[in-house]
Amino acid sequence: MHHAPVVVHRILPSGGRQVTLRTAHTEESLGLARSDEDVIEFLRRAGMPDPDDVVLGGTGLVEWDSDPSHVYEVDPPTDDLP
């Protein structure tokens, strides 16, 4: 089973998504992203070549866990709106 090396985890209730980098034997936390730009910067710092293409280019190197890709905030509930 193939696993992408970069995982952008589910959206936290307070907003943002944890980003991890998988290697052969470990999973390293890169930080809490609140935008694609944050993910790109985390990957640049981790030494990944062409981080813009990795995040925005659909290379298959990023796994977007549970929530839609490129979304970092939970939508507020609309049930209570008049």
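Residues numbered from 1 in each chain as written. Predicted model: local features only at pLDDT ≥ 70, side-chain atom pairs only at ≥ 80, totals over all residues. Heavy atoms only, no water.

(A) View of the overall build of the protein. Helix and strand counts for the protein come out as two helices and four strands. Along the protein, helices (α) and strands (β) appear in the sequence β-β-β-α-α-β when read from the amino end. By the burial criterion, 33% of the 82 residues in the protein qualify as buried. Considering only contacts within the protein whose residues lie at least 6 apart along the sequence, 40% involve residues at least 24 apart. (Helix = DSSP H or I, 4+ residues; strand = E, 2+ residues; numbered from the N terminus. Buried < 20%, exposed > 50% of the residue type's maximum accessible area, 1.4 Å probe, protein only. Contact = heavy atoms within 4.5 Å.)

(B) Focus on the environment of isoleucine 40. Inspection of the secondary structure puts isoleucine 40 in helix α1 (residues 36-45). Each C-alpha atom, one on isoleucine 40 and one on valine 54, is 8.1 Å from the other, the two residues being 14 residues apart in sequence. If sequence neighbours within four positions are ignored, isoleucine 40 has contacts with Pro51, Asp52, Val55 and Leu56.

(C) Representation of the pattern of salt bridges within the structure. A full pass over the atoms with the stated rule returns five salt bridges. With its nearest N and O atoms 3.5 Å apart, the salt bridge here joins arginine 22 to glutamate 27. For arginine 22, a relative accessible area of 23% corresponds to the partly exposed category. Residue classification places glutamate 27 among the partly exposed residues on the basis of a relative accessible area of 47%. Between arginine 22 and glutamate 63 there is a salt bridge, with the nearest N and O atoms lying 3.2 Å from each other. Of the two residues, arginine 22 sits in strand β2 (residues 17-22) while glutamate 63 sits in strand β4 (residues 62-64), which places them 41 residues apart along the sequence. Here the salt bridges do not stand alone but share partners, grouping Arg22, Glu27 and Glu63 into one network. (Salt bridge = Lys/Arg side-chain N within 4 Å of Asp/Glu carboxyl O.)

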